[in-house]
Amino acid sequence: MALHCTECGFVNGEGANYCQRCGALLQRSEGTGEPVTATYRIDDAGELIPVEMEDVTALGSALVIRAGGGREGESFAVESERMRIGRRPDSEVFLDDVTVSRDHALLIRRGEGFYLDDCGSLNGTYVNRSRIESHQLQEGDEVQIGKYKLTFHAR
């Protein structure tokens, strides 16, 4: 059964959770209506290890790549007070594409929440399709950095 995007009308394949054109969450009418996100992490040998979303967020928040670079489903547990996001290989969230600045953005805990700060990137950082300088992230927020679209999952 094809899924029509409620945002842009694009017809997506049966197994899609997000629109392939605009990245919006697809609504399902059958079953529980709960979206399912397939996630994985990369081990030290570079192998893909499937993980459950509950396992990723069991100890804290996480970022999951929804689209871009052929890395859909890769997850990054937020395990520290600060996470660098960029094209620099030693970034905690390494996004290897020319649309991403070396030091693109910073995910940082302030008080009880996590904030996403743009680090003066050339192409900008977007949350829910709005360009930001600094933004407090909420469950399900869509983050766009270069060609990558990620979803923030709070604990």
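Residues numbered from 1 in each chain as written. Predicted model: local features only at pLDDT ≥ 70, side-chain atom pairs only at ≥ 80, totals over all residues. Heavy atoms only, no water.

Colleague: Got a sec to walk through the environment of Gly15? Specific residues and values, please.
Modeller: Along the polypeptide, Gly15 turns up in the loop between β2 (11-12) and β3 (39-42). Judged by its relative accessible area of 67%, Gly15 falls in the exposed class. Sequence-wise, Gly15 and Leu3 are twelve residues apart; in three dimensions their C-alpha atoms are separated by 8.7 Å. (Helix = DSSP H or I, 4+ residues; strand = E, 2+ residues; numbered from the N terminus. Buried < 20%, exposed > 50% of the residue type's maximum accessible area, 1.4 Å probe, protein only.)

Colleague: Please set out the nonpolar core residue by residue, giving values where relevant.
Modeller: Ile85, Leu95, Leu107 and Leu116 are the most contacted members of the largest nonpolar core, which totals 21 residues. Residue assignment for this core shows that the elements contributing at least two residues are β5 (62-67), β7 (82-86), β9 (105-110), β10 (113-118), β14 (142-145) and β15 (148-153). Broken down by element, the residue count for this core peaks at three residues, all from β15. Cys5, Ala16, Cys19 and Ala24 belong to the second largest nonpolar core, which has seven residues in total. (Core = buried A, V, L, I, M, F, W, Y, C linked by side-chain atoms within 4.5 Å.)

Colleague: Can you explain the confidence of the model for the protein? Please cite residues and give values.
Modeller: Per-residue pLDDT for the protein has a mean of 81; in total, 75% of the residues score no lower than 70. Below a pLDDT of 50 lies the segment residues 32-37, which in the model reaches seven contacts outside its immediate sequence neighbourhood of four places, other chains included. (pLDDT = per-residue confidence, 0-100. Contact = heavy atoms within 4.5 Å.)

Colleague: Lay out the sheet that holds strand β6 (residues 75-77) with the relevant residues and their values.
Modeller: Strand pairs in the sheet, formed through backbone hydrogen bonds, run parallel or antiparallel to each other. As summarised here, the arrangement of the six strands in space is β6-β5-β15-β14-β11-β12, forming an open sheet in which the pairing is antiparallel. Both edges of this open sheet fall to β6 and β12 (130-132), since each of them pairs with a single strand only. The sheet shows a mean angle of 30° between the axes of neighbouring strands, direction not considered. As paired elements, β5 and β6 share three bridges and run antiparallel to each other. Note that in β6 the partner of Leu63 across the bridge is Phe76. (Pairing = 2+ DSSP bridges. Axes fitted to C-alpha atoms, helices over the stretch in contact; angles between N-to-C directions.)

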